[in-house]
Amino acid sequence: MSHKRFLAWLLPALVTLAVAGTAMAADLATLVGNLAAGGYSERDAAITALAASGEARAAPVLEALSAGELYVRTADKVVVIARGSGKQLSLVDAVTGKEAGSASEDALDRIKVNNRLRGTIDAAMGALTLMNPDPKVRRAAAQSLFTRRDASSLEPLDKAIAGEKDAAIKRAMTEARAAIVLGTDAPAARKIEAIDTVRARGDRDALGVLLAAAASANAEVKAAAATAAESVRQRLDAWQAAQNVWYGISLGSVLLLAAIGLAITFGTMGVINMAHGEMVMLGAYTTFVVQQTLRSVAPQLNELSVIVALPIAFLVSGAVGVVIERTIIRFLYGRALDTLLATWGLSLVLQQAVRTIFGPTNREVSSPSWMSGSFLVGQIEVTYGRLWIVVFALLVFAALLLVLRRTPLGLYMRAVTQNRPMASAMGIRTPRVDALTFGLGSGIAGLAGVALSQIDNVSPNLGQGYIIDSFMVVVFGGVGNLFGTLLGATALGIVNKFLEPYAGAVLGKILVLVFIILFIQRRPRGLFAQKGRSVE
Amino acid sequence: MMTRFLWTGMGRNLRLFVLLVLTVGIAVPLLNVLMPQGSPLYVPSYVLQLMGKYLCYASLALAVDLVWGFCGILSLGHAAFFGLGGYCMGMYLMRQIGTRGVYGNPVLPDFMVFLNYKELPWFWYGFDQFWFAAAMVVLVPSLLALALGWFAFRSRVTGVYLSIITQAMTFALLLAFFRNDMGFGGNNGLTDFKDILGYSVQADATRAVLCFASALALALFLVISGAVVGSRFGKALTAVRDAESRMRFLGYRVEGFKLFVFVLSAAMAGIAGALYVPQVGIINPSEFAPGNSIEAVLWVAVGGRGTLVGPVIGAFLVNFAKTWLTGALPEVWLFALGALFIVVTLLLPKGIVGLWAQIKSRNLARKAVSA
């Protein structure tokens, strides 16, 4: 350790101690009064002394000083905080914090600060906030010290750690101290101890501190810091992977919502519904209309507009679906490729109709407050909006499963899927079941539209963006198997999100498409293929 | 000898139709170039350009019909082959610009200079030669079709699944060509062409020749398709369309039939795209949009699938309606297009040609009754 650096570190500390020692006895008025006296170097000492007093008034006075709002009233030499604009400034007594009338600027003498003093004030403030009675402020102060790593804060930090009761804040403070120690010329043993503390913190800031420490001259410290940095990096990578899994699940839930209705119409009826995306779009526009209506009719329900929109969107899209089935699809059973063309035409008509009615631009659908914001799980950031969509997708999935397995309609639907002529012979009205099945699939698309209106642009093209992806999910998962759709959606979502950081969003998507093209070659009927005679 | 075989192998109607295509393909360019502007017989340049475009679309429609109408493979990605052929031609045209670009770089096209390319990517080599580009126009789409078809047909991916795969293919290409780092000009594509084989692409005479070449290509495709469909091979192809499993059980190698037609069709689409690009002056990734392929399928459906004349008629009619409606009533066009899809599939499963045949046979029946 060079003498010069040691002295540079030691001297302010000694001066601080000396001044602090004398100031301890003095009352607040003297401390504040000292700020006005002498030159810059005396003022520096006075600032540190005031901060060290731990008085409640110290913080506002120092803040005012830093902002250039601390004055001495020329008439009675009282230190005041003056704020306001124009000729008359309103005054507050710096010591008592009480109103002290007003005065023009001519009657006041500003206590000047320079940049060096501002630095001292900032450090002093950091130390002051460490003692703040509000735990949030103390935690924020510890966090900011960790990133700033200001050597002069070491001493107040030690004091704060000694007095701290809250274990979490105490840990944050210890981490900050360790980070600061790594930046100083402390002995190697102490530094290695500090490295351990920082390693335990294990986030991106900690990695930065450790990497800086790994550049140190001491071989022992260097090695310890390097291994610690490596372990932190591994942990961060693991968290990143977990975060990607979450993003993937979130994307998968969107895909699931868009694809599950398609799985029903495609799987049970063999109908390629290219207008499925437009059913989703109709659901999103229904949300928009419901929100607009509620805003003018019952503004107090605005927070619940999304929930109100759910059944309405289901009914709107479902009804359109039934109408489509009765007027177009039913003439095309057994001609899958023709339904594909007809429904494509239908999708063009629906898009253009919506464009004519609502205009080509995006429509604003606001999110309720319970869907905005986020929270942290470990290092994973989870937004409430996405969380609700995942929950919603699973609920829809469960409800659909229940309908298919536990209701008469589900029974008929399964019967018609497995053997249409036999079901018909048993007295099931297959045309009615077809219409209801198509309506159910379309209605679920409408529900998906409500969810998508929260995370995507509500525009006439909304559905088009999802149609190819949803087909991929259904084909990948296997037709006519809802669990296949669930698995397919989740798998594709996660794969997509894992490829994104390496290949970029677009290339990742291309890779997924190529993968599915190859996958279909291997398993032409998807992950969970239907077996038996009904397949052909 | 070969030509005589091809010629006599066709039906009388098809022969007449090929002659019609060639007549139009010669008359329209000639009337544009030779007639003075004021003459009533003068064909304006924009009509010439439209005619050239429609002829290329007709070739694309014929290619779609060959696989869909005769072999039952509904490809929703034929515009991808069309676009790839177009890109190959576009690359040749880009290399012909030379130092006349904005940046004046003798080797690198403008967009590469703009994107800070230091040297030409390897896949751009050779495209300064017309013969190489022409070979690629056929090879690139054919090889893609061969690879996709080989995998798909061998694993017996049929029907709807195949349609979805082809759609995924064109969608993947769309996304890929939108990327700037692909080296194909990103979403701006390739444009600002100057010369083709030393002649300015803007000149009326060049346009006239290109229009004629498009007609010639279409006529050639009609003859080839006629020969393929009319042969024993074509009979087997139709049988594959109607009863694939039965053909398999009879001992035919169904994959081979499908693969041959698929690759032939892709090559035809590629050539059509290559002729299309110099006439419209631009090629960009939007050619790969899934909607384009489906629209091409509609042309076939409107004209009449499973006939050779139908797709040509369909392509001309639908595109004429598109040109007219998007100009006169732009909001109505998508309604009309959508309605056309529905009406054709519901009411006209055999298209206009089928309707014509229906009316004719009804008249014959009436005559027979009255006689």
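You'll find the structure just up there.
Treat the numbers as computed from the prediction; the structure is a model and nothing was measured.

About the criteria used
Residues numbered from 1 in each chain as written. Chains lettered and ligands numbered in written order. Predicted model: local features only at pLDDT ≥ 70, side-chain atom pairs only at ≥ 80, totals over all residues. Contact = placed C-beta atoms within 7 Å. Helix = DSSP H or I, 4+ residues; strand = E, 2+ residues; numbered from the N terminus. Nonpolar A, V, L, I, M, F, W, Y, C, P; charged D, E, K, R; others polar. Axes fitted to C-alpha atoms, helices over the stretch in contact; angles between N-to-C directions. Parallel < 35°, antiparallel > 145°, perpendicular 65-115°, else oblique. Left-handed = near helix turned anticlockwise from the far one by under 90°. Pairing = 2+ DSSP bridges. Expected span 1.5 Å × (residues − 1). Buried ≥ 20, exposed ≤ 12 C-beta atoms within 10 Å, placed from the backbone.

Colleague: What exactly am I supposed to notice about the interface of chain A and chain B here?
Modeller: Between chain A and chain B, the contact holds 33 residues from the first and 37 residues from the second. Among the elements of the structure, α14 (336–358), α19 (464–477) and α21 (505–522) of chain A are those that each provide at least two residues to the side of chain A that touches chain B. Counting residues per element, the side of chain A that touches chain B draws most heavily on α14(A), at 14 residues. Residue classes in the side of chain A that touches chain B are distributed as 25 nonpolar, five polar and three charged.

Colleague: Would you mind showing me how to read the packing of helix α8 (residues 167–183) of chain A against helix α9 (residues 188–201) of chain A here?
Modeller: The relative placement of two packed helices is expressed as an angle between their axes plus a distance between the axes. All names here are of chain A. Two elements in contact, α8 and α9, have axes whose closest approach is 8 Å; the angle formed by their N-to-C orientations is 135°. The angle between α8 and α9 falls in the class oblique. α8 and α9 meet at a crossing whose hand is left-handed. Two secondary-structure elements touch here, α8 through Thr-174, Glu-175, Ala-178, Ala-179, Val-181 and Leu-182 and α9 through Arg-190, Lys-191, Ala-194, Ile-195, Thr-197, Val-198 and Arg-201. Partitioning the contact of α8 with α9 into residue classes produces seven nonpolar, two polar and four charged.

Colleague: Quick question: what am I supposed to make of the sheet that holds strand β1 (residues 70–73) of chain A here?
Modeller: Consider a sheet: its strands pair through backbone hydrogen bonds, and that pairing is either parallel or antiparallel. Residue and element names in this part refer to chain A. With respect to topology, five strands assemble into an open sheet ordered β4-β3-β2-β1-β5, the strand pairing being antiparallel. With one partner strand each, in any of the chains shown, β4 (99–104) and β5 (108–110) form the two edges of the open sheet. Strand-to-strand twist in this sheet, taken as the mean axis angle between neighbours without regard to direction, amounts to 40°. Relative to strand β3 (residues 88–93), strand β2 (residues 79–83) runs antiparallel, the two being bridged by four bridges. The residue of β3 that forms the bridge with Ile-81 is Val-92.

Colleague: Can you help me understand the environment of A:Arg43 in this one?
Modeller: Relative to the helices and strands, A:Arg43 is located in helix α3 (residues 40–53). Counting along the chain gives 66 residues from A:Arg43 to A:Asp109, while the straight-line C-alpha distance between them is 15 Å.

Colleague: I'm lost on α14(A) in this one. Help?
Modeller: An α-helix turns once every 3.6 residues. As a result, residues three or four positions apart point the same way. In this model, α14(A) (23 residues) spans 32 Å end to end at C-alpha, consistent with the 33 Å of a helix rising 1.5 Å per residue. A:Gly359 lies just past α14(A) and shows a positive phi near 85°.

Colleague: Even after reading the chapter, I still don't get the environment of B:Val312, so can you show me in this structure?
Modeller: All names here are of chain B. With respect to the helices and strands, the residue Val-312 is situated in helix α13 (residues 309–328). Val-312 gets classed as buried once you count the C-beta atoms within 10 Å, which come to 28. For the pair Val-312 and Arg-100, spaced 212 residues apart in the sequence, the C-alpha separation amounts to 38 Å. Setting aside anything within four residues of it in sequence, one finds Val-312 in contact with Ala-58, Ala-61, Leu-62, Leu-218 and Gly-303.

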